[in-house]
Protein chains: 2
Amino acid sequence: MTTTIVPLGTASAIPVHGRHLSALALERKGRVWLFDCGEGTQYRFLEAGLKRSRIDGIFISHFHGDHLYGLMGLMSTMALLRREEPLTLVAPQGLRQIMAVMPGTEPDLLPFPIEFVELDEGFGHATVVAHDEFTVTARPLAHRTFAMGFRFEEHARPGHLHPDAARALGVTDYADFRRLKAGKPVTLGDGTTIAPSQVLGPERPGIAFAYVPDTRPCADGRRLARGVDLLYHEATFGEELQQRAIDTGHSTAREAATVARDAEADRLLIGHFSARYEDPTELAEEARTVFPNTEAAEELNRYVLDPREKWAALEDEHEPS
Amino acid sequence: MTTTIVPLGTASAIPVHGRHLSALALERKGRVWLFDCGEGTQYRFLEAGLKRSRIDGIFISHFHGDHLYGLMGLMSTMALLRREEPLTLVAPQGLRQIMAVMPGTEPDLLPFPIEFVELDEGFGHATVVAHDEFTVTARPLAHRTFAMGFRFEEHARPGHLHPDAARALGVTDYADFRRLKAGKPVTLGDGTTIAPSQVLGPERPGIAFAYVPDTRPCADGRRLARGVDLLYHEATFGEELQQRAIDTGHSTAREAATVARDAEADRLLIGHFSARYEDPTELAEEARTVFPNTEAAEELNRYVLDPREKWAALEDEHEPS
């Protein structure tokens, strides 16, 4: 039921201060979706207690080495572990060609099929994973090379059935309860029709998570982050280096917080810290002046997202009509 | 004066049990030469207290990912650190082309020049580095893909001058002492010629180190290891998996020891341990039945090679004639 976010690397460009290169795992029902794959990600899986064999898909935001170079080793290890399950790889156009040249990652020689979803520079937005229970969409960001961010969003579940309400309306048959629970109307023996809305609680929204890596604050970043339960946004610099953030296509902590605030996100994790910040606490403090519910992402920490908290709040507000 | 060997990764193929992928640093006079560069090597430099900026050259033994994939991140980090010094890259033919395709390692875009020494399959032996004070030679190995090993060897230094012996022969002039020390004869005022051999101790041999990675035991491995102070030889398996070693082009611990013994090496370090051995002590024990001076390479340990130990032994044996 829960979705867990595990930052595996929060360094930018160069690993220092015990921080590692960009990668973030999303775990749900025992399966893992990986956002970026900096060098060493396969080691970080071991250290996080995550299974490399459980990865269903990998999203590469852009082709800077600190987001990409761990992919080769991970592919190679999956091959050595004799993976046969298909793997989804979402990336800028060109990944397949890079892998074809790198010894050991040639897609045609790997023992598992890869479904490549390669996006061209200039795309507007795209659904890159359409799963039964969630979708992942991509939007372009504003970095100094073609880069994109992602939004993971569970489908809403139908509301809970209130059996007392149904019984009060005359429903007695087990099959009728099931139909109503599945969101379908039933007609009783006396000809009365009962609509699902009469007996169901409110639709239960799923979890939404946005991954907004290397970018200036931008409209597409805000769109990805719109109302999410958790936004991971890069915050390479503090506001004292605003100009450097502009020059390098990155965000300050304050800017990341502004995105979270404007998108009405519930919670913000910042990461991708420049090597100059030995302790990112100061960046989190800067962000909190704009968006109080901010934390500096802690590597290997598990950030648990549980939709039931939201449902409880909705149920309190709502009684079936 | 000393040369230090620092194993950075002793795992084979897949990182497990706290072991990392293949890489071994040789440090001498504050400069570093790196043998293989598995994923994560740049992190291991930090953990070993070695400076990435001090690397003069990198030797890639073969194009299996566990020996190669860390090169991309290391190149990229060197570029970010604004390296300008030239770097020597020794590898099988094709490395330049791989780097040209990988975003962030395109040789023409790096801020430092690379001297590529690319060797073709089928080469016999080659001097790949000719330094003022040492040479590095390469020879092909017997792996299941084209692979090579390396021998690092310091030039011998001239013997120590024995000033008492020179004075006894009538040498008094400072310039004559200097000529003799540099290995040149002098003629005294009375017409007598003094040969350097009359006043110099024995020539002082340098340190030799051989790096013999993924291979079956083979003649070229023994040639690389001939009389070295330290041989690093792979020992992926124990002898109970002899057939698997043959099938995969690797060595057992006993076979590695046989190479050390036949080459009359002084000391053997084994590494590249299969994931199935949680503790490589059993492999070292197997090797010691053939070659007692064997240890299982310990990551980040510093194995110091000091030529003065040999010189002391030679001086004891030798008095100038």
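Use the structure listed above.
Computed from a predicted model, the values in this text were never measured in an experiment.

K.L.:
When you look at a positive patch on the surface in this model, what are you seeing that I'm missing?
P.N.:
Positive charge collects at one region of the surface, where Arg82(A), Arg144(B), Arg244(B) and Arg276(B) lie side by side. By the secondary structure assignment, Arg82(A) is in the loop between α3 (70–80) and β5 (87–92). Accessibility expressed as a relative area gives 65% for Arg82(A), which makes it exposed.

K.L.:
What is the right way to look at helix α9 (residues 253–262) of chain A in this model?
P.N.:
Residue pairs three or four apart in sequence face the same way in an α-helix, which turns once every 3.6 residues. Burial in α9(A) covers these residues: Ala253(A), Glu255(A), Ala256(A), Ala257(A), Val259(A) and Ala260(A). Just downstream of α9(A), Glu264(A) is the residue with a positive phi angle, here 55°.

K.L.:
Just checking my understanding: could you explain the interface of chain B and chain A for this structure?
P.N.:
A common way to report how large an interface is uses the accessible area buried once the components associate. In this complex, chain B contributes 33 residues to the contact, which on the side of chain A involves 32 residues. Among the residues chain B hides against chain A, the three largest losses belong to Glu39(B), Tyr43(B) and Tyr69(B). Together they make up 30% of the total. The tally of links from chain B across to chain A stands at zero salt bridges. Linking chain B with chain A are ten residue pairs in polar contact (both at pLDDT 80 or more). Secondary structure elements with two or more residues in the side of chain B that touches chain A: α1 (41–48), α3 (70–80) and α4 (95–101) of chain B. Among the elements that make up the side of chain B that touches chain A, the one with the highest residue count is α3(B) (seven residues).

K.L.:
How should the relation of the copies chain B and chain A be read in this particular structure?
P.N.:
Two chain copies, one operation linking them: a rotation about an axis together with a shift along it. The two copies are related by a screw motion: chain B maps onto chain A through a turn of 180° and a shift of 0.0 Å along the axis, at an RMSD of 0.1 Å. Within this description, the copies of the chain are treated as partners about a two-fold rotation axis. By C-alpha distance to the rotation axis, the residue of chain B lying nearest is Gly40(B), at 2.6 Å. A high fraction, 97%, of the interface residues of chain B reappear at the interface in chain A, so the copies pair face to face through one surface.

K.L.:
For this particular structure, what's the right way to read the sheet that holds strand β15 (residues 294–296) of chain A?
P.N.:
All names here are of chain A. The seven strands lie next to each other as β7-β8-β9-β12-β13-β14-β15, forming an open sheet whose pairing is mixed. In this open sheet, the two strands that pair with only one neighbour each are β7 (126–130) and β15. Between one strand axis and the next, the sheet turns through 20° on average, direction left out of account. Where strand β13 (residues 230–234) and strand β14 (residues 268–271) come together, four bridges link them in parallel fashion. When the bridges of β14 are listed, Glu234 appears paired with Gly271.

K.L.:
Mind showing me how you'd approach the pairing of strand β1 (residues 3–9) of chain A here?
P.N.:
Successive side chains on a regular strand alternate, one facing one side of the sheet and the next facing the other. Residues and elements named next belong to chain A. The buried count for β1 comes to seven of seven residues, which makes it a mostly enclosed element. Both β1 and strand β16 (residues 303–305) contribute to a ladder of three bridges, which runs antiparallel. Residue pairing for β16: Ile5 is matched across the bridge by Tyr303.

K.L.:
Hey, could you run me through the nonpolar core in this one?
P.N.:
Grouped burial of nonpolar side chains is what soluble globular proteins tend to show. By size, the foremost hydrophobic cluster in this structure holds 64 residues, and its most contacted members are Ile58(A), Leu71(A) and Leu71(B). Look past the residues within four positions of Leu71(B) in its chain and what remains in contact with it is Cys37(B), Ile58(B), Ile60(B), Leu89(B), Leu95(B) and Met99(B).

K.L.:
Honestly, the packing of α9(A) against helix α10 (residues 281–288) of chain A in this entry has me stumped. Any pointers?
P.N.:
Pairs of packed helices are described in terms of their axes, by the angle between the two and the distance that separates them. Residue and element names in this part refer to chain A. At a minimum axis separation of 8 Å, α9 and α10 run at an interaxial angle of 45°. Classified by the interaxial angle, the pair formed by α9 and α10 is oblique. Two packed elements cross with a definite hand, and for α9 against α10 that hand is right-handed. Where α9 approaches α10, its residues Ala253, Arg254 and Ala257 are matched on the opposing element by Leu283, Glu286 and Ala287. The residue makeup of the contact of α9 with α10, split by class, is four nonpolar, no polar and two charged.

K.L.:
Would you mind showing me how to read a negative patch on the surface here?
P.N.:
A cluster of acidic residues, Glu240(A), Glu278(A), Asp279(A), Glu282(A) and Glu285(A), forms a negative patch at the surface. Among the structural elements, Glu240(A) can be located in the loop between β13 and α8 (242–248).

K.L.:
Sorry, what's going on with unusual backbone geometry here?
P.N.:
Among all residues save glycine, negative phi is the norm, and among peptide bonds the norm is trans. Residue and element names in this part refer to chain B. Unlike most non-glycine residues, Ala13 shows phi in positive territory, near 65°. Along the chain, the position of Ala13 falls in the loop between β1 (3–9) and β2 (23–28). Looking at Ala13, the relative accessible area reads 28%, which means it is partly exposed. Not every positive phi belongs to a glycine, and Asp36 is a case in point at roughly 70°. With respect to the element layout, Asp36 can be found in strand β3 (residues 31–37).

K.L.:
Please clarify how the environment of Glu39(A) should be interpreted in this entry.
P.N.:
With respect to the element layout, Glu39(A) can be found in the loop between β3 (31–37) and α1 (41–48). Of the residues examined, Glu39(A) reaches a relative accessible area of 1% and is grouped as buried. Note: C-alpha distance between Glu39(A) and Ser22(A) (17 residues apart in sequence) is 8.1 Å. Contact partners of Glu39(A), with chain neighbours within four places excluded, come to Leu21(A), Tyr69(A), Gly70(A), Gly38(B), Glu39(B), Gly40(B), Thr41(B), Gln42(B), Tyr43(B), Gly70(B), Gly73(B) and Leu74(B). At a separation of 2.6 Å, a polar atom in the side chain of Glu39(A) contacts the main-chain amide nitrogen of Gly40(B).

K.L.:
Explain the sheet that holds strand β7 (residues 126–130) of chain B to me, please; I cannot follow it from the model alone.
P.N.:
One key point about sheets: their strands pair by backbone hydrogen bonds, in either a parallel or an antiparallel sense. Residue and element names in this part refer to chain B. An order of β7-β8-β9-β12-β13-β14-β15 is seen for the seven strands of this open sheet, with the pairing classed as mixed. With partners counted over all chains shown, the strands left at the sheet margins are β7 and β15 (294–296), one partner each. Adjacent strand axes in the sheet meet at a mean angle of 20° when their direction is disregarded. Relative to strand β13 (residues 230–234), strand β12 (residues 208–212) is paired through four bridges, and the arrangement is parallel. Note that in β13 the partner of Phe209 across the bridge is Leu230. Seen against the sheet, helix α10 (residues 281–288) touches β14 (268–271) and β15 and runs at an angle of roughly 165° to β15.

Parameters at a glance
Residues numbered from 1 in each chain as written. Chains lettered and ligands numbered in written order. Predicted model: local features only at pLDDT ≥ 70, side-chain atom pairs only at ≥ 80, totals over all residues. Heavy atoms only, no water. Patch = residues over 30% accessible without salt bridge, like charges linked within 9 Å, V, L, I, M, F, W, Y side chains within 5 Å. Areas by Shrake-Rupley, 256 points an atom, 1.4 Å probe, with all protein chains shown as cover. Salt bridge = Lys/Arg side-chain N within 4 Å of Asp/Glu carboxyl O. Lys, Arg positive; Asp, Glu negative; His and termini not counted. Charge placed at Lys NZ, Arg CZ, Asp CG, Glu CD. Helix = DSSP H or I, 4+ residues; strand = E, 2+ residues; numbered from the N terminus. Buried < 20%, exposed > 50% of the residue type's maximum accessible area, 1.4 Å probe, protein only. Contact = heavy atoms within 4.5 Å. Buried area = accessible area lost by both parts, 1.4 Å probe. Polar contact = N/O pair within 3.5 Å; in protein donor to acceptor, adjacent residues only side chain to side chain. Least-squares fit on C-alpha atoms with pLDDT ≥ 70 in both. Pairing = 2+ DSSP bridges. Axes fitted to C-alpha atoms, helices over the stretch in contact; angles between N-to-C directions. Core = buried A, V, L, I, M, F, W, Y, C linked by side-chain atoms within 4.5 Å. Parallel < 35°, antiparallel > 145°, perpendicular 65-115°, else oblique. Left-handed = near helix turned anticlockwise from the far one by under 90°. Nonpolar A, V, L, I, M, F, W, Y, C, P; charged D, E, K, R; others polar.

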